[in-house]
Amino acid sequence: MSLRNRLSILVGLVLVPPIGLLTYDTIETRDRERQALHVQAQNQAQLIAGQLEAIVQGAGRLSWALSQQARILRAEPERCASLMRAIVNDLPLYRAAFVTDRAGRVTCSWPRAEGVNLGDRDYVSDALRQSEMVVGKMVARGRVTGASALPMARRYMTPDSELEPAGIVGLGLDLDLLGRSFRDRYDWTNRYLSILDRDGAIIIRVPGTEAVGRKVPPAALARATGSAGSFEASDVFGRPAIIGYAKTEAGLLISVGYDSAAALAQINQTTWRNMLLMAFVMLLAITAAWFAGERLVRRPVTRMVEAAQRHHAGERQVRFPELKSGTELDALSRALNRMADAEAQLLAQREILMRELQHRVMNSLQLLASFLHLQARSADPATREQLALARQRIISMSTIFRHLYRADLASTVEFGAFLEAFCQDTARAYLGESSPRLEIAADKLEVPLEQALSLALMAHELITNAIKHAFAPGAPGRIRVAFKAGPEGSSELVVSDNGKGMPEGFDAGRSKSLGMVLVQRLTQSLNGELRINSGAAGTEVTIALPRRPPQPPSGPAHNAD
């Protein structure tokens, strides 16, 4: 991973904690706002439930007072009707007031509806069975009023019928007036009021009346457990809402619902704005880190890496860049320059020592060759021949050594050029005008120094062997030396001639020739294969070397991007 990417990731990780805290705070604020809406909805529902309870209790006291006027209610119809009219006119909260007999037939009322039978109404039969006032279910179109009302009724007794009620006294609560009073009293922006009768039907809806008369599903009613509380659900129109509720003793259910989407719109907008702002800040910070990393980190590091690669490739004069003073990268660059200077001094000292060592080795080889030459003068012919062969090999080793260490002190050598130069020296040393000509064809290939030395020694032995044994003295001919580079570092050294060929039955493995033994041993040391093909057309010796094992990388791979 590049330094610039690492820096960007680091900046992103640094921003994670504050952004996480801000996100947590935003979510917490939203949750607190939601909980506050739950509390507000429940409190307002309880407030309206208390007001409605007061209205019902007032109706209860009025109905009890009327029930004590049994003689007027039963024996004086006109006076009873006048009393009902006074109630409706003086108390606008009531749309109707009426009295029925035991069968539920109206005996006096206002508006006038004598003779109308209400015996099928649940609240009539319920009121006749108990002594307390009964609040009925909403009547969409009353038989007395002709309009919607919430009936409330209480039975009354007469002196001559103390065991059985004589009838009921009823009041019809004006739901439209009650709804308008709640609408005008409170602000209903993004919220609504629903009052349900004991049957689960909506009798008052603020604002709007389109849901009046609609029954709330039992599943929704089942969530309103206890006398008060709140929950989240869909309203009768399917919109998500936070609903607070409260119940009255008369069985009425008051609910105040907050439109979740509208009520939380501001906090949701703030949440999204904060989220976008946080994303923008993170993107801006990462972008800034990206470009700053390019200028302040990647470019200086890339320059240092390029300098290090050039230095590794052999450009010892390369200097690491001078960066902004006082920075860690500048300190690193200066340290690398000091290290490069120290390395250059060590290499210079090493080169001086190696040159001196080379000089001493070559002098020693030449001195040894001179001793052998002097020794051969006083030796018998057989010994003189062996000493001459030994002297030739020492001279060839001196020549190889001179070529290998002429240029520098590298651990590898380009063997094609080296072989060509070495063979030309050999040709000048051993071949005259009437001798066979030497042809050289060598591919370019970097080989280790030890392998180059072994190959050169084998080439020298095979060339001198061909010069001595393949041709008659003074006869023309051709000796060809080829070096072929194969795939994956494999190679072949081929020395061929068009001479008379090997003796019949020649076996290299049993040969007593020191040169062939040397070639065999060196081939084995390189894990190579020696192949000899000889006939009337001449001899061809092939030394096939396998591919070299993969070398460890000379330096670490660098990636500053």
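This text gives an overview of the structure that appears in the document. Worth saying up front: this structure is predicted, and the values here are computed from it rather than measured.

Rules and cut-offs
Residues numbered from 1 in each chain as written. Predicted model: local features only at pLDDT ≥ 70, side-chain atom pairs only at ≥ 80, totals over all residues. Heavy atoms only, no water. Helix = DSSP H or I, 4+ residues; strand = E, 2+ residues; numbered from the N terminus. Buried < 20%, exposed > 50% of the residue type's maximum accessible area, 1.4 Å probe, protein only. Contact = heavy atoms within 4.5 Å. Areas by Shrake-Rupley, 256 points an atom, 1.4 Å probe, with all protein chains shown as cover. Pairing = 2+ DSSP bridges. Axes fitted to C-alpha atoms, helices over the stretch in contact; angles between N-to-C directions. Salt bridge = Lys/Arg side-chain N within 4 Å of Asp/Glu carboxyl O. Phe/Tyr/Trp six-rings, centres within 6.5 Å; stacked < 30°, edge-to-face > 60°. Lys NZ or Arg CZ within 6 Å of the ring centre and 35° of its normal.

## Some remarks on the overall build of the chain
- Of regular secondary structure, the chain possesses 13 helices and 17 strands.
- Taking all 561 residues of the chain together, 41% fall into the buried category.
- For the chain, restricting intrachain contacts to residue pairs at least 6 apart in sequence, the fraction spanning at least 24 positions comes to 60%.
- On the chain, roughly 31000 Å² of surface is accessible, and the fraction owed to carbon and sulfur atoms is 55%.

## As for the sheet that holds strand β8 (residues 228-234)
- Here we have 5 strands laid out as an open sheet, ordered β7-β6-β10-β9-β8, and antiparallel in their pairing. The sheet terminates laterally at β7 (202-206) and β8, the two strands that pair on one side only. When strand polarity is set aside, the average angle formed by the axes of neighbouring strands in this sheet is 20 degrees.
- Across 4 bridges, strand β6 (residues 191-196) lies against β7 in antiparallel orientation. What sits directly across from L196, in β7, is I202.
- Where helix α5 (residues 175-185) meets the sheet, its contacts fall on β6 and β7, and the angle it forms with β7 comes to roughly 30 degrees.

## Here we look at the pattern of salt bridges
- Scanning the entire structure with this criterion turns up 15 salt bridges.
- With its nearest N and O atoms 3.1 Å apart, the salt bridge here joins R437 to E439.
- Classification of E439 as partly exposed rests on a relative accessible area of 27%.
- One continuous salt-bridge network, built from bridges that share partners, spans E78, R112 and E114.

## A few points about the packing of aromatic side chains
- All chains considered together, the criterion is met by 4 aromatic pairs.
- Judged by centre distance (5.9 Å) and plane angle (45 degrees), the ring pair of F231 and Y245 falls under tilted. Taken together, the residues F231 in strand β8 and Y245 in strand β9 (residues 240-247) connect sequence positions 14 residues apart.
- The buried category is assigned to F231, whose relative accessible area is 10%.
- Judged by centre distance (4.8 Å) and plane angle (65 degrees), the ring pair of F415 and F483 falls under edge-to-face. Of the two residues, F415 sits in helix α11 (residues 415-430) while F483 sits in strand β14 (residues 478-485), which places them 68 residues apart along the sequence. Take F415 and F483: they sit in the same class, and that class is buried.
- A connected cluster of aromatic rings, assembled from ring pairs, spans F415, F418 and F483.
- The aromatic ring of W110 is capped on one face by R85, whose charged end is 5.5 Å from the ring centroid.

Coordinates in, geometry out; function isn't part of it.
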